[in-house]
Amino acid sequence: MSQRLLTNARLATLTGNGEPYGLIDGGALAIVGDTIAWIGEAAHLPFRYSALHAEDLDGRLVTPGLIDCHTHVVFGGDRAREFEMRLQGATYEEVARAGGGIVSTVSATRSASEDDLFQAALPRVDTLIGEGVTAIEIKSGYGLDRDTELRMLRAARRIGKERPVLVRTSFLGAHAIPPEYKNRADAYLTEVCLPTLEAAHAEGLVDAVDGFCEGIAFSPEQIARVFDKAKELGLPVKLHAEQLSNLGGAALAASYGALSADHLEYLDEAGIKAMAASGSVAVLLPGAFYTLRETQQPPLDLLRAHNVPVALATDCNPGSSPLASLLLTLNMGCTLFRMTPEEALAGVTREAARALGLDGQGTLEAGKRADLAVWNVSHPAELSYRIGFNSLHKRIFGGSE
Ligand code: DI6
Ligand code: FE
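Values in this document were obtained by computation on a predicted structure and should not be read as measured data.

Undergrad: Sorry if this is basic, but what is going on with the nonpolar core here?
TA: Soluble, globular proteins show a tendency: their nonpolar side chains are buried together. Ranked by internal contacts, the top residues of the largest apolar core, which has 97 residues, are V74, I159, V206, L264 and W375. A total of nine residues in this core trace back to one element, the largest contributor, which is helix α7 (residues 185-202). L264 has contacts with A241, E242, Q243, A250, M275, A282, V283, L284, P298 and P299, leaving out every residue within four places of it along the chain. Counting 15 residues, the second-largest nonpolar core is a separate cluster that includes A9, I24, L364 and V374.

Printed below as a string of structure tokens:
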């Protein structure tokens with residue numbers, strides 16, 4: 001098994017070691033195969049690693065590989081025209097009700113082949129990888145028919161095979177009501193969404209089940225039908241909740257032990273208590289907040305008060321968040337939501353891993369996967385502070401470059 005040793009590193013371990021960011025200065029990190037075998041102060045390096053050729057990092061900062069835990073990077077077409085409409089005054093909901101919005105991406109996605117979808121997603125994925133991302137969640141939800149949902153998920157799986165990045169898929173059949181089922185959401189669920197979930201699961205294409213609980217999408221009762229099916233199949237759930245209004249989606253998701261509830265601008269304290277009790281992660285998506293010029297802030301102080309873990313993600317999608325930068329997301333989390341840079345960095349590492357149910361990633365600890373990002377910065381707050389500046393030195397994925 002290959003072995004390597006990194007020395008002279010500033011390690012932001014993101015473990016609760018008592019230091020901000022879990023920092024270790026003058027650090028060393030030994031990798032055996034794809035796993036962190038030892039990490040600590042170089043002075044304490046065990047004898048068995050001391051003979052390895054040392055890669056001197058010149059005091060550079062090392063963090064866990066970044067994790068984008070909420071994306072829709074697989075889709076057809078684009079929505080630049082809708083951007084123009086919204087700048088002329090139309091709201092996101094008005095555009096959606098006029099047949100634009102998610103449904104227009106659905107038409108473009110339905111007419112794309114699996115290879116088209118894969119090829120179109122690659123530049124977005126490569127941009128994320130270029131900023132130190134080592135794991136990414138990818139949702140379906142722009143097909144809304146059996147074949148297209150399956151094609152989207154196969155394209156997502158292919159990304160994980162052809163790029164050095166770990167892909168976790170979420171089935172998002174309950175994302176929008178397709179035009180052919182207008183005003184017949186329950187029939188869509190019965191005839192298309194639930195059978196497609198079963199088929200996708202049988203093909204090994206689903207790691208989690210997601211939904212969009214909102215006035216322009218599905219009611220809590222309808223989402224519960226999808227979650228019941230997920231439970232029957234033994235799949236974890238997560239939910240787009242409280243993005244545009246408060247329907248109690250986060251509490252519903254929590255009652256199913258959800259990995260996460262995402263967006264959450266309109267979340268209230270009852271929902272927060274339910275999330276705290278279930279251990280669900282609050283995934284905040286400042287790219288959508290920014291793009292939609294939302295003014296309602298997610299209730300960060302209350303989330304902190306109830307010790308709900310908070311993650312950050314791009315929500316990379318063609319409509320509400322055409323954002324493929326997790327570094328810019330860190331900055332937005334701080335500037336728009338008043339997260340601390342330490343919370344923001346934990347939000348794209350430790351808490352993002354938790355939002356995906358990835359136990360083996362997200363912190364720098366012996367036994368975790370050697371997914372690392374090495375940065376040309378000395379203080380971790382620089383990652384959140386800079387805007388449009390990529391200071392990645394190199395990325396290590398499963399122990400290799
Ligand atoms: N909320 C979002 O922000 C994305 N999906 C969702 O349920 C937006 C998807 C889109 O506008 O295409
Ligand atoms: Fe989303």
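On we go.
Undergrad: I would appreciate a short explanation of the pattern of salt bridges in the present structure.
TA: Tallying each qualifying case throughout the model produces 28 salt bridges. For D34, the salt bridge is made with R369, and the minimal N-O distance between the two is 3.9 Å. Placement of the pair is D34 in the loop between β2 (23-32) and β3 (35-41) and R369 in the loop between α15 (350-355) and β14 (372-375), with a sequence separation of 335 residues. A relative accessible area of 36% places D34 in the partly exposed class. Accessibility expressed as a relative area gives 21% for R369, which makes it partly exposed. Taken together, the shared-partner salt bridges in this structure form one network comprising R4, E55, K394 and E401.

Undergrad: Help me out: how do you make sense of the coordination of the iron ion (ligand 2) in this one?
TA: Tetrahedral coordination by four donors sets the ideal angle at the metal to 109.5 degrees; octahedral coordination by six donors sets it to 90 or 180 degrees. Bound to the iron ion (ligand 2) on the protein side are H70 (NE2), H72 (NE2), H240 (NE2) and D315 (OD), at distances that span 2.1 to 2.3 Å. Considering all four donor atoms around the iron ion (ligand 2), angles at the metal cover 82 to 168° and the coordination shape is irregular. Donor residues for the iron ion (ligand 2), ordered by position in the chain, follow H-x1-H-x167-H-x74-D. Pair noted here: H72 is in the loop between β6 (66-68) and α2 (80-87) and H240 is in strand β10 (residues 238-241), with a separation of 168 residues, a long-range link. With relative accessibility at 1%, the residue H72 sits in the buried group.

Undergrad: How do you make sense of the sheet that holds strand β9 (residues 208-211) when you look at a structure like this?
TA: Hydrogen bonds between backbone atoms are what pair the strands of a sheet, whose relative direction is either parallel or antiparallel. The sheet built from four strands is open, its strands ordered β6-β7-β8-β9 with parallel pairing. Looking along the sheet, the strands with just one partner apiece sit at the ends: β6 and β9. Strand-to-strand twist in this sheet, taken as the mean axis angle between neighbours without regard to direction, amounts to 25°. In the sheet, β6 pairs with strand β7 (residues 133-139) via three bridges, with the strands oriented parallel. By the bridge assignment for β7, D68 is matched with I136. Lying over the sheet, helix α6 (residues 146-162) contacts β7 and β8 (166-174), oriented at roughly 170° with respect to β8.

Undergrad: Please clarify how the sheet that holds strand β12 (residues 281-284) should be interpreted in this entry.
TA: Taken in spatial order, the four strands make up an open sheet running β10-β11-β12-β13, and their pairing is parallel. Because the sheet does not close on itself, it has two edges, and the strands there are β10 and β13 (310-312). Strand-to-strand, the axes of this sheet are offset by a mean angle of 25°, without reference to chain direction. Summarising the sheet, β12 and β13 pair through three bridges and their orientation is parallel. Bridge pairing links L284 to L312 in β13.

Undergrad: I tried to follow the site of ligand 1 on my own but got confused; where do I start?
TA: Close to ligand 1 lie 14 residues; R79, Y92, Y142, H175 and S320 are nearest. H175 is positioned such that a nitrogen or oxygen atom in its side chain is 2.8 Å from a nitrogen atom of ligand 1. In the model, an oxygen atom of ligand 1 is placed 3.3 Å from a nitrogen or oxygen of the H263 side chain. Placement of ligand 1 is best described as lying within the largest cavity.

Undergrad: Please explain the layout of surface pockets as it appears in this structure.
TA: Left-over empty space is what a probe sized like a water molecule reveals as it rolls over the atoms. The calculated volume of the largest pocket comes to roughly 480 Å³. Lining the largest pocket are 21 residues; nearest its centre among them are A96, V103, I177, K182 and I216. Put simply, the parts of the chain that give the lining of the largest pocket at least two residues each are α3 (92-97) and α4 (102-110). Ranked by residue count, the leading element in the lining of the largest pocket is α3, at three residues. Residues that form the lining of the largest pocket fall into these classes: 12 nonpolar, six polar and three charged. Looking at the second largest pocket, its volume works out to about 390 Å³.

Undergrad: What is the right way to read empty space enclosed by the protein from this model?
TA: Scanning the entire structure with this criterion turns up three cavities of 30 Å³ or more. Around the largest cavity, the lining is made up of 13 residues, and of these Y92, I102, H175, N317 and S320 lie nearest the centre. Across the lining of the largest cavity, the residue classes tally to four nonpolar, seven polar and two charged.

Rules and cut-offs
Residues numbered from 1 in each chain as written. Chains lettered and ligands numbered in written order. Predicted model: local features only at pLDDT ≥ 70, side-chain atom pairs only at ≥ 80, totals over all residues. Heavy atoms only, no water. Core = buried A, V, L, I, M, F, W, Y, C linked by side-chain atoms within 4.5 Å. Buried < 20%, exposed > 50% of the residue type's maximum accessible area, 1.4 Å probe, protein only. Helix = DSSP H or I, 4+ residues; strand = E, 2+ residues; numbered from the N terminus. Contact = heavy atoms within 4.5 Å. Salt bridge = Lys/Arg side-chain N within 4 Å of Asp/Glu carboxyl O. Donors = N, O, S within 2.8 Å, 3.2 Å for Na, K, Ca; no water. Tetrahedral: all angles 85-135°; square planar, octahedral: opposite > 155°, others 65-115°. Pairing = 2+ DSSP bridges. Axes fitted to C-alpha atoms, helices over the stretch in contact; angles between N-to-C directions. Near = heavy atom within 4 Å. Polar contact = N/O pair within 3.5 Å; in protein donor to acceptor, adjacent residues only side chain to side chain. 1 Å grid on protein atoms, 1.4 Å probe; cavity = no way out; pocket = protein on both sides within 12 Å on 5 of 7 lines; lining within 4 Å. Sits in = over half its atoms within 2 Å of the grid points. Points joined across faces, edges and corners; volume = space filled by probe spheres on them. Nonpolar A, V, L, I, M, F, W, Y, C, P; charged D, E, K, R; others polar.

Read these as geometric descriptors, not functional statements.
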